[in-house]
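# Per-entry structural report
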Amino acid sequence: MQELGVSTNANYKITFMLDSAAMITVHTPRRGLIDVKPLGVIWGKFSEYYSKKNTIMFDDIGRNFLMNPQNGLKIRPFMKAHLNRYKDKELLKLTQYLKEIAKLDDFLELNHKHWERYLSKKQGQ
């Protein structure tokens, strides 16, 4: 996110970001100890604004939303920014997805794994 200038560019409309400093360690039978991003912290602190129904987390590491899989959307990694900056269109497409789902009252019925399919279907209507 730093390479994209998210925190310094006024064109981004991000409410907040959780980076690796906000992660907690949990034990899973399959993976052992792993660090995850706890959306429950946000929901607890800002319950009047955020809940499972209206929160989505993007990450290129799927295990980061292990505690809240329904709210996670795994994106493709942004690699070699200096070479790929002008070729990478993932965030542009995700913007369209977010505009579509912003119309919904509840994200729990969505399967973010198939966000591109959902977007194609909506744009085809």
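Thresholds, definitions, all that
- The written sequence of each chain sets the order in which its residues are numbered from 1.
- Reporting in this predicted model follows two pLDDT cut-offs: at least 70 for local features of residues, and 80 or more for side-chain atom pairs to be given and counted; totals over whole chains, interfaces and linings ignore these cut-offs and use all residues.
- The side-chain figures draw on all heavy atoms in the structure; neither hydrogens nor water molecules are used.
- Here a helix means four or more residues in a row that DSSP labels H or I, a strand means two or more in a row labelled E, and each is numbered from the N terminus.
- A 1.4 Å probe rolled over the protein chains alone gives each residue an accessible area, and that area as a share of the maximum for its type sets the label: buried under 20%, exposed over 50%, partly exposed in between.
- Whether two residues touch is decided by their heavy atoms; if any such pair falls within 4.5 Å, the residues are in contact.
- The definition of a nonpolar core used throughout is a set of buried Ala, Val, Leu, Ile, Met, Phe, Trp, Tyr and Cys residues joined through side-chain atoms within 4.5 Å.
- pLDDT measures the predictor's confidence residue by residue and takes values from 0 up to 100.
- Between N-to-C directions, angles span 0 to 180 degrees; the directions come from axes that are lines fitted to C-alpha atoms, helices contributing only their stretch in contact.
- For any pair of crossing helices, the crossing counts as left-handed if the nearer helix is rotated counterclockwise from the farther one by less than a right angle, and right-handed if it is rotated clockwise.
- Following the grouping adopted for this structure description, the nonpolar residues are Ala, Val, Leu, Ile, Met, Phe, Trp, Tyr, Cys and Pro, the charged ones are Asp, Glu, Lys and Arg, and the polar ones are all others, Gly among them.

### Some points on the environment of Leu18
Inspection of the secondary structure puts Leu18 in the segment before strand 1 (24-28). Assessed through its relative accessible area of 26%, Leu18 is described here as partly exposed. Sequence spacing of Leu18 and Lys87 is 69 residues, and the spatial spacing of their C-alpha atoms is 26 Å. In this structure, Leu18 is in contact with Lys37, Pro38 and Ile42, ignoring residues within four places of it in sequence.

### Remarks on the nonpolar core
One broad trend across soluble globular proteins is that nonpolar side chains are buried collectively. Grouped together as the largest cluster of nonpolar side chains are ten residues: Leu73, Ile75, Leu94, Tyr97, Ile101, Phe107, Leu110, Trp115, Tyr118 and Leu119. The set of elements that each furnish at least two residues to this core consists of helix 3 (90-101) and helix 4 (115-124). Core analysis: the second largest hydrophobic core is formed by five residues, Leu39, Trp43, Met57 and Phe65 among them.

### Considerations on the confidence of the model for the protein
Averaged over all residues, the pLDDT of the protein equals 86, while 94% of them reach at least 70. At the low end of the mean pLDDT range in the protein sits helix 2 (residues 81-84), at 64; at the high end sits strand 4 (residues 72-74), at 94.

### Quick look at the packing of helix 3 against helix 4
What describes two packed helices is the angle between their axes and the distance between those same axes. Relative to each other, helix 3 and helix 4 sit at 65°, their axes nearing to 10 Å. You can see that helix 3 and helix 4 cross each other, and the crossing is left-handed. Residues Glu90, Lys93, Leu94, Gln96, Tyr97, Glu100 and Ile101 of helix 3 form the contact with helix 4, whose participating residues are Trp115, Glu116, Tyr118, Leu119, Lys122 and Gln123. Across the contact of helix 3 with helix 4, the residue classes break down as six nonpolar, two polar and five charged.

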